[in-house]
Amino acid sequence: MEEFIPPPEAPVFQPTPEEFRDPVAYITKIRPVVVNTGICKIRPPHGWKPPFSIDSEHFEFTPRLQPLNELDARTRVKLNFMDNLAKFWELQGITFKIPNVDRNPLDLHKLFKAVTREGGFNEVTKTRKWVLLTKELGYENTSVAGSLRTNYEKYLYPYELFQAKNGKLKQRDALKKEKCSEGSPSPQPPSVPSTSQRAKYSLRHRRGGSVDQDFDLSETKIDPGNPEFKKLAFTCPGPKSACVVKAGADRTPVLAGKSESQLGKPSTESSLPVSKIDPVSKVSWKYGKVEQLKCYKCRKGNCEDKLLLCDGCDGCYHIFCLDPPISSVPPGDWRCPSCVAKECASLYDSFGFEQADNPYSLDSFGQKANMFKQHYFNQPPTQVPYSVVEKEFWRLASSMDDEVTVEYGADLHSSRHGSGFPLKGTARSPEQEDYVQSGWNLNNLPNLKGSVLHYVDANISGMKVPWLYVGMCFSCFCWHIEDHWSYSINYLHWGEPKTWYGVPQAYAEALEATMREQAPELFEDQPDLLHHLVTNLSPSILMKNGIPVVRTDQCAGEFVVTFPRAYHAGFNQGFNFAEAVNFSLGDWLSLGRQCSSHYQVMRRSPVFSHDEMLCKMLAGPQTLDLVLLVDAANDAVTMYKQEEKLQEDLEQKGFVNEERMVFELMSDDERQCSFCQATCFLSAVQCSCSPGKIVCLHDLDHLCACDNAKKILRYRYTMEELHGMVVAVQQRAAYFKSWCDKVECILDGGLPEKPGIEVLRGLAEEGVEKSYTEHYLQDELESAIQEVEKLNTAANQIIASKHRVRLPNGNQAFDVDGLRMFVKEMETLPCTLPALEPLRERLRQIEAFQSKADEELVELTESLEHGQFGSIGHLEQLIKNGENLDVEIAQLAELKHVLNQLRWVSETEAKLKLEVMSIETMKNIIKQGSGLPQNRAVESVLEKVKDVLSVAQDWEQKAKGVLKQRPPHTASILQQLLVKAQDIPIELPSLKGLEEALEKADQWKSEVQRMQEGNKYPHFSVLRSVLSNGRAIPVKLEPLIQLETRYASAKAWIDRAAKLLLKKSITNSLLESLLPRTKVTFPHRNSSKSVKKKSESDNTPPGNPLADLGGDEAMELEKIRIMEKEEIQYMRELRAENSQKVERDKELKSSGAVTSPVLYCFCRRPESGYMLQCELCNEWYHASCLHLTKGKQCSVEKDSRFVCNVCVRTRRPRLDGLVSLLISLKKVPVVVTEGLALQCLVERAIAWQKRAKQFIVAGTAGLEAVRQQLRRMEELKGNIRRWRAEAECSRDGKSTTSQVQLASSAGSVLQHYATELDHIRNSYAGLSVAKRSELEDLLMEGDLLEVTMDEVQQLWLLLQEDSECRAAFEKAEESCMDQEDSIMTFSEENLKKRRSTPLTNEQAPSKRKRRGSRRDSPVSPRNKTSDADNLESSGSINEGLDCSEEILEEDEGECSVSNCLQPMADQISWVQCDQCQQWYHVTCVGLTREYVEKLDSYICSSCQAEPETLCAGNARVEMNRMTQLVST
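Summary of the structure given here. Counting of residues starts from 1 at the beginning of each chain's written sequence and follows it residue by residue. Residue-level local features of this predicted model are given only where pLDDT is at least 70; pairs of side-chain atoms are given and counted only at 80 or more, and the full residue set underlies all totals for whole chains, interfaces and linings. Side-chain numbers come from the whole structure's heavy atoms, not from hydrogens or water.

Some points on the overall build of the protein
For the purposes of this entry, the term helix denotes a DSSP run of H or I that reaches at least four residues, the term strand denotes a run of E that reaches at least two, and both are numbered from the N terminus. Counting its secondary structure elements, the protein contains 48 helices and 27 strands. Whether a residue is buried, partly exposed or exposed follows from its accessible area with a 1.4 Å probe, protein chains only, as a fraction of its type maximum: under 20%, in between, or over 50%, in that order. Burial status across the protein gives 48% buried among its 1528 residues. We call two residues contacting when some pair of their heavy atoms lies within 4.5 Å. For the protein, the proportion of contacts with a sequence separation of at least 24, taken over those separated by at least 6, is 76%.

Some words on the environment of A1368
Of note, A1368 is situated in helix α43 (residues 1350-1384). Residue A1368 is classed as buried on the basis of its relative accessible area of 4%.

Focus on the pattern of salt bridges
Take a side-chain nitrogen of Lys or Arg and a carboxyl oxygen of Asp or Glu: if they are within 4 Å of each other, that pair is a salt bridge. Here the structure, examined in full by the defined rule, presents 51 salt bridges. Its salt-bridge partner being E847, residue R820 comes within 3.7 Å of it at the nearest N-O pair. Here E847 lies in helix α26 (residues 836-865) and R820 lies in helix α25 (residues 816-827), a separation of 27 residues in the sequence. Residue classification places R820 among the partly exposed positions, given a relative accessible area of 25%.

Comments concerning unusual backbone geometry
Omega for the peptide link from R966 to P967 comes to 0 degrees, which places this bond in the cis form. Mapped onto the elements of the fold, P967 is located in the loop between α30 (936-964) and α31 (971-981). A positive phi angle, close to 55 degrees, is found at R565, a residue other than glycine. Considering the arrangement of structural elements, one finds R565 in the loop between β17 (559-562) and β18 (568-572). Positioned with a positive phi, R1164 is a non-glycine residue whose angle comes to about 55 degrees.

A few points about the sheet that holds β18
Across a sheet, strands are paired by hydrogen bonds formed along the backbone, either parallel or antiparallel in direction. Within the open sheet, the four strands sit side by side as β13-β18-β15-β16. Their pairing is antiparallel. The open sheet terminates on both sides in strands that have one partner only, identified here as β13 (476-480) and β16 (550-554). When strand polarity is set aside, the average angle formed by the axes of neighbouring strands in this sheet is 15 degrees. Where β13 and β18 come together, three bridges link them in antiparallel fashion. Counted as the bridge partner of F477 is G570 from β18. The axes used here are C-alpha line fits, helices contributing only the stretch in contact, and every angle between their N-to-C directions lies in the interval 0 to 180 degrees. Packed on one face of the sheet, helix α13 (residues 386-397) meets β13, β15 (498-502), β16 and β18 and runs near 115 degrees to β18. Only strands that DSSP links by at least two bridges are regarded as paired with each other.

Some thoughts on helix α28 (residues 890-914)
A helix is expected to span 1.5 Å for every residue after the first. Spanning 25 residues, α28 covers 37 Å between terminal C-alpha atoms, matching the ideal 36 Å at 1.5 Å per step. Within the sequence span of α28, burial applies to Q891, L892, L895, V898, L899, Q901, L902, W904, V905 and T908.

Comments concerning the packing of helix α32 (residues 989-1011) against helix α34 (residues 1039-1061)
Contact geometry for α32 and α34: axes closest at 11 Å, N-to-C directions at 50 degrees. Judged on the interaxial angle alone, α34 and α32 are oblique. Between α32 and α34 the crossing geometry is left-handed. On α34, the residues that touch W1004, V1008 and M1011 of α32 are P1039, L1040 and L1043. Its residues assigned to classes, the contact of α32 with α34 comprises six nonpolar, no polar and no charged. Just so you know how the angles are binned, under 35 degrees is roughly parallel, over 145 roughly antiparallel, 65 to 115 roughly perpendicular, and the rest oblique. Crossing handedness: left-handed means the near helix sits turned counterclockwise from the far one by under a right angle, and right-handed means the same turn made clockwise. Side-chain classes are defined by residue name, with Ala, Val, Leu, Ile, Met, Phe, Trp, Tyr, Cys and Pro counting as nonpolar, Asp, Glu, Lys and Arg as charged, and the others, Gly among them, as polar.

What to know about the state of the cysteines
Throughout, a disulfide means two cysteine sulfur atoms within 2.5 Å of one another. The full count for this structure, using the stated rule, is zero disulfides. Unpaired in terms of disulfides, C676 finds its nearest cysteine sulfur in C673, a separation of 3.5 Å.

Remarks on the packing of helix α21 (residues 626-652) against helix α22 (residues 719-748)
For any two helices packed against each other, the geometry is given by the interaxial angle and the distance between the axes. At their nearest, the axes of α21 and α22 sit 9 Å apart, and the two run at 150 degrees to each other. Our classification of the angle between α21 and α22 gives roughly antiparallel. As α21 runs across α22, the sense of the crossing is left-handed. Across the interface between the two elements, L626, L629, V630, A633, A636, V637, M639, Y640, E643, E644 and Q647 of α21 pack against M719, L722, H723, V726, V729, Q730, R732, A733 and F736 of α22. Among the residues making up the contact of α21 with α22, the classes are represented as 14 nonpolar, three polar and three charged.

Looking at the pairing of strand β11 (residues 405-413)
Counting buried positions along β11 gives nine out of nine residues, so the element sits mostly inside the fold. Both strand β4 (residues 64-67) and β11 contribute to a ladder of four bridges, which runs antiparallel. Paired with Q66 across the two strands is V406, which belongs to β11. Here β11 pairs with strand β12 (residues 467-471) via three bridges, running antiparallel. Paired with H413 across the bridge in β12 is W467.

A short note on the side chain of E390
Relative to the helices and strands, E390 resides in helix α13. One polar contact links E390 to R551, side chain to side chain, over a distance of 3.0 Å. Setting aside chain neighbours within four positions, we find E390 in contact with F4, T499, Y501, R551 and F571. Polar contact criterion, stated in full: a pair of N or O atoms within 3.5 Å, where within protein one must be able to donate a hydrogen and the other to accept it, and residues adjacent in sequence count only if both atoms are side-chain atoms.

So, the sheet that holds strand β1 (residues 12-13)
The nine strands are arranged β1-β2-β17-β14-β19-β12-β11-β4-β9 in an open sheet whose pairing can be described as mixed. At either margin of the open sheet sits one strand with a lone partner, and together these are β1 and β9 (354-355). Where strand β14 (residues 487-495) and β17 come together, four bridges link them in antiparallel fashion. Note that in β17 the partner of I489 across the bridge is V561.

A few points about a negative patch on the surface
Residues D854, E855, E859, E862 and E894 make up a contiguous surface patch of negative charge. The biggest single contributor to the negative patch is α26, with four residues. The residue E859 is located in helix α26 in this model. In this analysis, a patch consists of residues with relative accessible area above 30% that form no salt bridge, clustered at 9 Å for like charges and at 5 Å for the nonpolar side chains Val, Leu, Ile, Met, Phe, Trp and Tyr. Using a 1.4 Å probe, the Shrake-Rupley method yields the accessible areas, and only the shown protein chains count as cover for residues. Think of it this way: Lys and Arg go in the positive column, Asp and Glu in the negative one, and His and the chain ends go nowhere. A charge is said to be at NZ when it belongs to Lys, at CZ for Arg, at CG for Asp and at CD for Glu.

Below is the structure:
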């Protein structure tokens, strides 16, 4: 299969809005270009998009079926051959299958053509050409020659003999003669057997159908009453083709006069003539006597077993009498050679398209088209490249195996279905009205004034009335030219593109010849094959045969125009909607007449009468469009001469009868020539023997055999009338042509003497008078007049003005050449002007000055070459004379250049002698000299200046390199450069930099010597400053390396210290973290990191307080000592300020002033939720702001101290780590401020540690004494419990002790208790108030130190233990007093069992917090006096005792259940057992608060398991509580 090669692109035009207004004028304008390509594409201006005016919902059409591989000429020939061959064998009872050769199917058609071209089977075999044929057929292996010969002999040789004897051409000639004998006047569009009728013997239908069975578009019947196809005439533009109208539903062919039921069965009667079979044979056949039958060849009846009976005609043949003979009787149906020849001849007539089964709407057809394309290419329809679809289309068209059938809604009448353009009366807006009136509306274009079809009255569908086309992928229109070889225009309303191919008019006959050469068999059957629009041929084949082909892709909104007799074809890329119509311009008239003659030769009916149209144009010559006038006049002369010749021939043949007939009043059928089908208008001939028959004058001999005297000449106009019409249009055309010739002659300069401008104006006025304004020559004449007037005005300005003026052509400068061109332009004008001669005189003066200037330039050049300078004044005067001519003269510019040379040389030499210039000045001088035309004098001075500048630049480059060198050069090298600079007479920019570098180096060395005086180490800040200064000096400094080493060691120590001390999240420097806190250096800013980031731009960080001491070590140490004292004072003030916040917050809340609450924490918001207090600064912080989880909150609350991140500035390493770091500082030979600060910190930490240890020893001893006092109180309390036990037993009658004895005993016990209690109360052995204050100050000082020391935690624990002991001491003292009072007021009713009521959240025992909690906020800390107040307000001794017990339990706050559920604070309610007196959470014992309130008594589960007496239970409970108190 040949590879498809895309043709070159057709021309594409995009007119301007002005050009687009007149389609006739624009197409006429582009005609010289497009006539060489045949077709073109026109893109309307941007924004021109007519609305689609068809009612899509009600639009229905029936498409045509297009089997793609049957459209290609060569493929159809092969398919026809294979179908005929298959039928040939099928009729002889043999099933035909294509053989394989060399593992590929054998191309039988190609083999048959090759063998017959060489003379047939016998000739090829005789001359032994089978090996040569293998190469011609494309087989590389010549061993297949035997297979080719065998297959040919088996399948094709019988067919070859059959074709030679009973070929289809003979049969078809017979059929044509039969048709002619029946009176058929001429071949009409064929009525073709359907594909299904050919299916029985068609080999192509045995190969499996199309590629995609789901989209195999089958045939259908067409409604015979459909006017669209009732009388199909090939009169439409664009894709038109023959359509097959099927006559009935029966799709099975009837062969040889037999019915369907008779096929394949023996006939009871022979259909042969009676003369061929005698009566005895017929009778014998009826009775089954085979011996009576005789062979039609040998006329013998012997060898009955070798006789074959034809299933078509009942003829008999011996198998050995056949040519070629066959070896055995075929098993199936068999037909004789005559029947085979007849059947093969009737299988195919003309090829045409069938109609689809069902009509479609636009929506349903679009869905089917898109599904087909998507399924075929396996991707969305719009994403398939155009080139891919194009190659696949031509591949399918030339493939015999891939059978794809598509549908095409072609040639749909817009008069029935509506037009895609808006029509008159349908516009809904002024914008749509513009499209209704537009000349590019295809409903208007054929009827425009410049269109020839404007003079055809009939609304010819397809030519004057547009046709519509609904396409899908691969649907196509085959190679064709338009009816009457007219123009056509196609507009694609929407959808995917339509691909076009075109061949220019000059190659129309070459294309037809190529088509006949490629498929001669098709043209033998149908000489007018190309008129039927059913045959395609690949553009690649046409181009290989030397025919130029162009292509274009017509997208939506674009026009494609085809020119007269330009063959074109194409296909659709996908679903789209197009509209097309014909039109004709004046240049078409001669081609139209040729086409009419061609139709007469081909006996094809024309669409309209060319002569009738022309005569209508001649009827009104004054109103005839100028574009058509000359062409119409020329065509009228041709028409008149032809008619005159024909009528003269009639007179010579003896015609005497003639009669006028108004042909235009007759229908086309009534005046149609019965032979050539031409539509008669000027004249015709009739005979009385056949009144309904009429012929044109060309076909007079085909009318009848009667004498010419009996025949009548029918004429429309007499020759005189026709001559008058022709003369009238000729006269107007002559006037017009005369005027055109005059204008063209003047504009082209054809006259010997040019006229004046008045002549041009006269011709222009004549054109306006005679209405020639629409012709292009009138426009050119007026443009020429305007150009003449413009040049005349400019010439007068040049002559009259003393100053330079701009030439009319903006691109021309007013120089000598411009003036010369201007004069030449005036000389080429079509008329003469008075200002031309003065301009010539001015030009002569200029040329004289040029001659003189050339002489002066030669002299000056020679003098300059010898170093001699002429007079500058003389030269200046010459230049002034040239400037007075007011024209740019080239010599004038050269004179000015010479003058500039003289001035530059003199000025430069003066400067070199008298001035010391800078490098920039020297460069400017060189730049000026280089821009001058060179000669020996300029070059000499220029070379001198360049030498001086080169030396200066070399020195400057070296100096810059020395200053930029890293590492820098020594001072000696800089000194050498300074010495060289003294010999250069130019200002050197880098000279000052070298001097400053040497001076700075000396100063720096002096500074280093001063810094190293004595045995002291340099300070780090001073060293850093010295190093910074030294690095910036571009001189090599020896001490710099030693100082760099010192600086590096100090920097390394600082980095090590920072890594040890600084936290990653802290932005403070190491020095800021080590220095003591003061109000200036460390303001206590409570802000989180996020807040800090926002305020960084607002808050300037505190500076270094030691920066202004100048690196003095002693002063820095003294300053640090002062800052240490300020730090303690500052922290005390801050702690006091933060401690006062709680009281202030209480006051604000009690007063209700909530507008300005007290702010806490980083976030600076009021108190909320759980909060922690810093041990150092006493600030309160929200737990949420500290990002502490619940577990971490409990850990902070119970186990450790909390110090905020603001107070903790460093990692706080241990003291031994800092001591080690301080020891390593001694090896650094630099005084580091951070080292001094670290030294003070370590010394301060050691001193504090010593004081802390002393305090810890003393405090621990005091706490031990407090514990001994508590144990003594426990002993006293034990005695009281025993007394209570005895008293209770006596009351219950279990004791013999009397009430009197009990009272006496109580008094003595209480007296002893009071005495000892007073002693213990007045001698508390723990920390006194002063000691506690001292301890808190010591702890604060320890927290200020950025060092981790165990003594801080020990002191804090000591303070906590002392607080707990003091609280236990006070509570134990109060408990003893309560017991003493209760004994004295002891009574019977107070010993009653008591049930504890549930307690609220505030009354319930809770664990005491060191700081705030969820229940006790920092704003309302626990009131330690509330317990005593509750005790005093109790109503009895027992209630007071119980209350004191509750106070003790409140301090513990522990539920007695072993597996406590630990409920939340807001869910806690308590209950007390009436026997063991233990407290329980209501939730932990499985009760509710409401239920407990209703109970009279409660006994826990433990007491219910081991019941005891109330007395013993109460004694045990009291003992346990005292034990817990002592242990605490």
